[in-house]
Amino acid sequence: MTKNWRPATQLVHGGTLRSQYGETSEAIFLTQGFVYDTSEAAEARFKGETDGFIYARYGSPTNDMFEKRMCMLEGAEDARATASGMAAVTAAILCQLKAGDHIVAARALFGSCRWVVETLAPKYGIECTLVDGRFLENWEKAITPKTKVFFLESPTNPTLEVVDIAGVAKLANQIGAKVVVDNVFATPLYQKPLELGAHIVVYSATKHIDGQGRCLGGVVLSDKAWIDENLHDYFRHTGPAMSPFNAWTLLKGIETLPLRVKQQTESASKIADFLADQKQVAKVIYPGRKDHPQADIIARQMKAGSTLVCFELKGGKDAAFKLQNALEIVRISNNLGDSKSLITHPATTTHKNLTDEARAELGISPGTVRLSAGIEDTDDLIEDFARALSKAGM
Ligand SMILES: *Cc1c(COP(=O)(O)O)cnc(C)c1O
């Protein structure tokens, strides 16, 4: 029955488990363990003959509700909730690889994701080739007989480049490799990697899913067979489990996800158009605009633009700092997807650890600024930018 619900309904009711008290809101089960009525019941639970929870590192009721609701939203068979987005990414990649295997990843990755494939994985004998993911031929050229995983983000942080997910999935299927997509920037509402042929989807639930700046969280979603064979044991024994308290916070966040993301996207799109008309702005990159360099791929694989806007100021770092400092509503922060509008200067914050050359490859210049639109009134945000651009004397 729940399969026929449209997303907004699933996100309010999907996966709900009610206790004997019939509570309206989902309960928080802050318990480490579970008790059994008899020794036989414990034995049967451990043998897997009866359903039920065993230990909170393996799974628990509030986390189960969050995982089920995420599965419905994503169209996935199974999921595991993790303590952070990075726990989800690390688990999704490492659980399926061994020494000698090879990863092909897009070079435009969230900083910590890039560290996991570029620095951590090689320590365990898993080699990685980073490619310019915008062009399919680069993925194909990087394939070796050992390639087991393709890893990508689309749109990317901060320059909102996109990768042809269906194209990469086709290459992967030809060699029996798996595609892992970090779908944070698109949100589960605007892009469905599994429908496009990807095998595993990961989220930092810290971003739009919480969306109100309260807690960290992550989730790995895939088909049941992949989770059983790869993630199940890794997850149980290495312990990246999410706190039930955070699972509850995220369940409440997920209820309003479509409302928030719709408002954020509307504002982002209008702010992108406003900025594109300003003399101080050299260029605007926004997945919802026709002048996005990869508008054709976006039209094929995304349902809508984005809650993020990337733009470049003609006056470089000085202009970027002045603009950020002059904004009154939009706050300076490296986070994204929040109900508060946030702005960041990637070259000096999120991407400061890259060399000048690596930043240039990714299209990050000293004047590049990334905006994450919040749920404030769109006109107030546009007025904030208008005021800040003139106040900064640009
Ligand atoms: C934030 C983010 C992560 C990491 O998530 P955490 O919850 O901070 O661990 C991974 N990938 C992308 C694209 C992100 O934006």
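Refer to the structure printed above.
These lines cover the structure that appears in this document, whether it is placed above or below. Worth saying up front: this structure is predicted, and the values here are computed from it rather than measured.

### Section: the pairing of strand β12 (residues 368–372)
And step 1. Of all 5 residues making up β12, 5 are buried, and the element is well covered by its neighbours.
And step 2. With burial as the criterion, each face of β12 is covered, one bearing T368, R370 and S372 and the other bearing V369 and L371.
And step 3. For strand β9 (residues 308–313) and β12, the ladder comprises 5 bridges, and the chain directions are antiparallel. Bridge pairing links C310 to R370 in β12.
And step 4. Judged from the 3 bridges that link them, strand β11 (residues 342–344) and β12 form a sheet pairing that is antiparallel. Across the sheet, residue L342 finds its bridge partner in β12, namely S372.

### Some words on the packing of helix α10 (residues 244–255) against helix α11 (residues 257–276)
And step 1. Contact geometry for α10 and α11: axes closest at 5 Å, N-to-C directions at 60 degrees. The angle between α10 and α11 places the two elements in the oblique class. For the pair α10 and α11, the contacting residues are G253, I254 and E255 in the first and L257, P258 and R260 in the second.
And step 2. Its residues assigned to classes, the contact of α10 with α11 shows 3 nonpolar, 1 polar and 2 charged.

### Quick look at the sheet that holds strand β2 (residues 102–106)
And step 1. Spatially, β1-β7-β6-β5-β4-β2-β3 is the arrangement adopted by the 7 strands of the open sheet, whose pairing is mixed. For this open sheet the edge positions go to β1 (78–82) and β3 (127–131), each flanked by a neighbour on one side alone. Taken pair by pair, the neighbouring strands of this sheet meet at an average axis angle of 20 degrees, ignoring direction.
And step 2. Relative to strand β5 (residues 178–182), strand β4 (residues 147–153) is paired through 5 bridges, and the arrangement is parallel. Its bridge partner lying in β5, V149 is registered against K178.
And step 3. Together, β1, β2, β4, β5, β6 (200–204) and β7 (218–222) form the strand contacts of helix α4 (residues 85–94), whose direction differs from that of β6 by roughly 160 degrees.

Rules used throughout
- Residues numbered from 1 in each chain as written.
- Predicted model: local features only at pLDDT ≥ 70, side-chain atom pairs only at ≥ 80, totals over all residues.
- Heavy atoms only, no water.
- Buried < 20%, exposed > 50% of the residue type's maximum accessible area, 1.4 Å probe, protein only.
- Helix = DSSP H or I, 4+ residues; strand = E, 2+ residues; numbered from the N terminus.
- Pairing = 2+ DSSP bridges.
- Axes fitted to C-alpha atoms, helices over the stretch in contact; angles between N-to-C directions.
- Parallel < 35°, antiparallel > 145°, perpendicular 65-115°, else oblique.
- Contact = heavy atoms within 4.5 Å.
- Nonpolar A, V, L, I, M, F, W, Y, C, P; charged D, E, K, R; others polar.

Purely geometric stuff here, so don't read any function into it on its own.
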